[in-house]
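Single-letter residue listing:
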Amino acid sequence: MLHTIKDLIELAKDKDMSTLVVACADDKHVLEAVDKARAEGLIRPVLVGNKEIILMLLDDLTIDPSYYEIIDIMDHEQACDYAVKLVSENDGHILMKGYVDTKIILKSVLKPEFGFKTDHRLSHVSLFELKNYHKLLMMSDGAMNMYPNVDEKQEIIENAVQVFHKLGNKNPKVGVIAAIEKINEKMQPTVDARELIKRNQEGLITGCMIDGPFAIDNAINKKAAIHKGVESDVAGDVDLILMPQIESGNVFYKSMMFLADAKSASMIVGGKRPIVLTSRADSTESKFYSIALAAAYE
């Protein structure tokens, strides 16, 4: 069981070293995070982008460029195409978004000729180390799927469960989040929770334990659950919180980062390889932790 981000980094170190391919790598914070991951022995770096700017930034950061393979492609779309194709064609490779709009790199990811997109739904997972929680907490989805229906929520859960299995948790506890902890036919997230639990009990969703609906307090705090009369082995001990829609996930993520001083790691899963995709406002540390998460997963 992983309790801290440090545990995650140690797990990544124990895995075979991955090759990290950064699309549009001409970004200072990205390069800082990549060099830290290289120095920690987590990845072999390949930088795709404007070579002149990349070399200038490496010089500013006093990083030896001889550690890096640099592919000189100035056009963002062409750089993303090259990076996606390279990652898709090679085992043990990870894709990372650099200084480029998310929609541009995802356009490359979705091109059928590169074979990166699989039959699975792409979803975004974020793993948090929080001062007031007893283990690492995962949240999905706060960046990719806007208003998922119950079938799409099942796929989001399945993607996250696959991550947990690769991190060593073979039966993660999944809490389905809503505004209340009771079924209300007028509140779709509570109805979806009932259906997801049913599918889990019937063996249609496997490898995890699902319960809910939970308000966020009784999902992550056992005392709150007991006070509200919520009887569940999942309440207060969740590994994954499934958000009802993108606004909830986005607000939760940014609240944890900017109000709760959380440490976080994020990536997109469901494709042929993991994608390190962080917010432009994320710190160098968060970008480094995200590389570690992808390396531990791959």
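The model shown is predicted, which means the values in this text are computed figures rather than measured ones.

1. What about helix α7 (residues 188–201)?
Taking 1.5 Å per residue, 14 residues should reach 20 Å; α7 reaches 20 Å between its end C-alpha atoms and fits that length. Of all the positions in α7, only Thr190, Val191, Asp192, Ala193, Leu196, Ile197, Arg199 and Asn200 are classed as buried. If you follow the buried residues of α7, they end up packed against α6 (150–166), β7 (173–177), β8 (209–214) and β9 (240–242). Looking one or two places after α7, you find Gly203, whose phi comes out positive at around 80 degrees.

2. Here's the deal with the packing of helix α4 (residues 76–88) against helix α5 (residues 102–109)
Helix-helix packing: each pair is described by the crossing angle between the helix axes and the interaxial distance. The geometry of α4 relative to α5 is characterised by a closest axis approach of 9 Å and an angle of 45 degrees between their N-to-C directions. One element, α4, and the other, α5, form an angle in the oblique class. Taken as a pair, α4 and α5 cross one another with a handedness that is right-handed. The segment α4 lies against α5, with His76, Glu77, Cys80, Asp81 and Val84 engaging Ile104, Ile105, Lys107, Ser108 and Val109.

3. Side note on the state of the cysteines
In this structure the tally under the stated criterion is zero disulfides. Cys24 carries a free sulfur, and the closest cysteine sulfur to it, the one in Cys80, is 4.1 Å from it.

4. Examining unusual backbone geometry
Along the chain, Ser140 connects to Asp141 via a cis peptide bond; the corresponding omega equals 5 degrees. Relative to the helices and strands, Asp141 is located in the loop between β6 (137–140) and α6. Omega for the bond connecting Gly212 with Pro213 falls within 30 degrees of zero, at 0 degrees, which places this linkage in the cis form. For Pro213, the location among the structural elements is in strand β8. In this structure, Cys24 is a non-glycine residue whose phi angle is positive, near 60 degrees. Turning to its location among the elements, Cys24 is positioned in the loop between β1 (18–23) and α2 (28–39). Despite not being glycine, Asp261 has its phi angle at roughly 55 degrees, a positive value. Structurally, the position occupied by Asp261 is in the loop between α10 (246–258) and β10 (263–269). A relative accessible area of 53% means that Asp261 is categorised as exposed.

5. Some points on the pairing of strand β2 (residues 43–49)
Most of β2 is tucked away: six of the seven residues are buried. Of the pairings in the sheet, the one linking β1 to β2 comprises six bridges and is parallel in character. For Leu20, the partnering residue across the bridge sits in β2 and is Pro45. Traced from β1 through α2 to β2, the parallel crossover comes out right-handed. Between β2 and its parallel partner strand β3 (residues 69–72), the chain crosses via helix α3 (residues 51–60), and the hand of that crossover is right-handed.

6. Some words on the pattern of salt bridges
Opposite charge on two side chains makes pairing possible when the charged atoms of those side chains draw close. Counted under the stated rule, the structure contains 20 salt bridges. The closest approach of N and O atoms between Glu89 and Lys85, which form a salt bridge, is 2.8 Å. For Glu89, a relative accessible area of 51% gives the class exposed. The exposure class assigned to Lys85 is partly exposed, which follows from its relative accessible area of 37%. Glu152 is the partner of Arg121 in a salt bridge, and the nearest nitrogen-oxygen pair spans 3.2 Å. Residue Arg121 is located in the loop between α5 and β5 (123–129), and its partner Glu152 is located in helix α6; the two are separated by 31 residues in the primary sequence. Counted as one network, the salt bridges with shared partners bring together Glu10, Lys13, Lys36 and Glu40.

7. Description of the environment of Ala39
Along the chain, Ala39 falls in helix α2. Residue Ala39 is classed as exposed on the basis of its relative accessible area, which comes to 57%. Between the C-alpha atoms of Ala39 and Ser126, which are 87 residues apart in sequence, the distance is 24 Å.

8. Topic: the confidence of the model for the chain
Per-residue confidence for the chain averages 94 on the pLDDT scale, and 100% of its residues sit at or above 70. Within the chain, the element-level pLDDT minimum falls on helix α9 (residues 222–227), averaging 87, and the maximum on β9, averaging 98.

About the thresholds
- Residues numbered from 1 in each chain as written.
- Predicted model: local features only at pLDDT ≥ 70, side-chain atom pairs only at ≥ 80, totals over all residues.
- Heavy atoms only, no water.
- Helix = DSSP H or I, 4+ residues; strand = E, 2+ residues; numbered from the N terminus.
- Expected span 1.5 Å × (residues − 1).
- Buried < 20%, exposed > 50% of the residue type's maximum accessible area, 1.4 Å probe, protein only.
- Contact = heavy atoms within 4.5 Å.
- Axes fitted to C-alpha atoms, helices over the stretch in contact; angles between N-to-C directions.
- Parallel < 35°, antiparallel > 145°, perpendicular 65-115°, else oblique.
- Left-handed = near helix turned anticlockwise from the far one by under 90°.
- Disulfide = S-S within 2.5 Å.
- Pairing = 2+ DSSP bridges.
- Right-handed = clockwise from strand over helix to strand, strands pointing away.
- Salt bridge = Lys/Arg side-chain N within 4 Å of Asp/Glu carboxyl O.
- pLDDT = per-residue confidence, 0-100.

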